[in-house]
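Coordinates in review
These are the residues of each chain, in order.
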Amino acid sequence: AQTVTQSQPEMSVQEAETVTLSCTYDTSESDYYLFWYKQPPSRQMILVIRQEAYKQQNATENRFSVNFQKAAKSFSLKISDSQLGDAAMYFCAYRRKKAGGTSYGKLTFGQGTILTVHP
Amino acid sequence: DAGVIQSPRHEVTEMGQEVTLRCKPISGHDYLFWYRQTMMRGLELLIYFNNNVPIDDSGMPEDRFSAKMPNASFSTLKIQPSEPRDSAVYFCASSPSAGAGELFFGEGSRLTVL
């Protein structure tokens, strides 16, 4: 079964600084998706960034980028120039792409990391 | 597109009462998911459907929980009878085919059972 682990329950960063959130996962599949979702106090789940496993290039979305290390099964999120609006719970998530089996289509989340941004 | 629509946003009920949560997925999406979020257990997948058919309900806590998807545009999650430990935020999410990527989430239904 796929598992996703976020080892940092809480992180903090000064406004305008850079912070990295860690995520590791376990799978025997070769092709899959990895995601980072943000959940602000409004509780809405917002997609931050996604990575396809077969793509070597790390995904980037404005101030958000990932460091995807497939062999190490590591998927960290870097937030540059942190803003007060980045304060939220961040979830790493995994989704298998290959068809078949009861886990096909299922999105598995990590435990989440609470990010605090200090002015 | 209006996104995934959940109702009610908030529900307060007494132990023993029946609770029904509703979800309208994004039109054209083949997958629908029900998640539960609590402080203690984080985000748990309860059940998911593909083309209205339940694929995996192994996350449903017990027989008090049931979910249906009578058509492509509507799903319900029912708890009968409800208990205080069912208090949580329940999310519905939908996605196109699994190969298409991410899930799109509704705003969640916060359930409080007294």
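Right, let's walk through the structure included here.

Criteria and cut-off values
Residues numbered from 1 in each chain as written. Chains lettered and ligands numbered in written order. Predicted model: local features only at pLDDT ≥ 70, side-chain atom pairs only at ≥ 80, totals over all residues. Heavy atoms only, no water. Phe/Tyr/Trp six-rings, centres within 6.5 Å; stacked < 30°, edge-to-face > 60°. Buried < 20%, exposed > 50% of the residue type's maximum accessible area, 1.4 Å probe, protein only. Disulfide = S-S within 2.5 Å. Helix = DSSP H or I, 4+ residues; strand = E, 2+ residues; numbered from the N terminus. Contact = heavy atoms within 4.5 Å. Buried area = accessible area lost by both parts, 1.4 Å probe. Salt bridge = Lys/Arg side-chain N within 4 Å of Asp/Glu carboxyl O. Polar contact = N/O pair within 3.5 Å; in protein donor to acceptor, adjacent residues only side chain to side chain. Nonpolar A, V, L, I, M, F, W, Y, C, P; charged D, E, K, R; others polar. Core = buried A, V, L, I, M, F, W, Y, C linked by side-chain atoms within 4.5 Å. Pairing = 2+ DSSP bridges.

1. Brief notes about the packing of aromatic side chains
The geometry of two aromatic rings is summed up by the distance between their centres and the angle between their planes. All names here are of chain A. For the structure on display, the rule yields 18 aromatic pairs over all chains. The interplanar angle of 65° and the centroid separation of 5.4 Å between the aromatic rings of Tyr25 and Tyr32 together place this pair among those described as edge-to-face. Considered together, Tyr25 and Tyr32 belong to a single accessibility category, that of buried residues. Ring geometry for Tyr33 versus Phe35: centroids 5.7 Å apart, planes at 25°, classification stacked. Of the two residues, Tyr33 and Phe35, neither departs from the other in class, the shared state being buried.

2. Here we look at the state of the cysteines
Residues and elements named next belong to chain A. Taken as a whole, this structure holds 2 disulfides over all chains when the rule is applied. Disulfide pairing places Cys23 opposite Cys92 at an S-S distance of 2.0 Å. Since a negative S-S torsion denotes a left-handed disulfide, the Cys23-Cys92 link at about -70° is left-handed. Taken together, the residues Cys23 in the loop between β3 (19–21) and β4 (24–26) and Cys92 in strand β10 (residues 88–96) connect sequence positions 69 residues apart. Taking the relative accessible area as the measure of exposure, Cys92 reaches 0% and is therefore buried.

3. Structural notes on the interface of chain A and chain B
Residue-level contacts link 19 residues of chain A with 28 residues of chain B. Across the chain A to chain B interface the summed buried area is about 1,900 Å²; carbon plus sulfur atoms make up 50%. Seen at the junction of chain A and chain B, the total is 1 salt bridge. Our count for the chain A to chain B interface comes out at 9 residue pairs in polar contact (both at pLDDT 80 or more). When contributions to the side of chain A that touches chain B are tallied by element, the ones reaching two or more residues are β5 (32–39), β6 (46–52), β10 and β11 (107–109) of chain A. Considering every element that reaches the side of chain A that touches chain B, the biggest residue donor is β5(A), with 4 residues. Within the side of chain A that touches chain B, the residues separate by chemical class into 9 nonpolar, 5 polar and 5 charged.

4. What to know about the nonpolar core
Within the largest apolar cluster, 25 residues are counted, with the highest numbers of intra-cluster contacts made by A:Tyr25, A:Trp36, A:Phe75, A:Leu77 and A:Tyr90. Looking at this core, the element that brings in the most residues is β10(A), giving 4 residues. Residue contacts for A:Phe75: discarding those within four places in its chain leaves A:Leu21, A:Ser22, A:Cys23, A:Tyr25, A:Leu34, A:Phe35, A:Trp36, A:Gln51, A:Val66, A:Asn67, A:Phe68 and A:Cys92. Within the second largest apolar cluster, 21 residues are counted, among which are B:Leu46, B:Met60, B:Met69 and B:Leu77.

5. Some remarks on the pairing of strand β9 (residues 88–95) of chain B
All names here are of chain B. A large share of β9 lies buried, amounting to 8 of its 8 residues. Residues Ala88, Tyr90, Cys92 and Ser94 line one face of β9 and the alternating positions Val89, Phe91, Ala93 and Ser95 line the opposite face, and both faces are buried. By the bridge criterion, 7 bridges tie strand β4 (residues 31–38) to β9 in an arrangement that is antiparallel. Among the inter-strand pairings, Gln37 is bridged to a residue of β9, identified as Val89.

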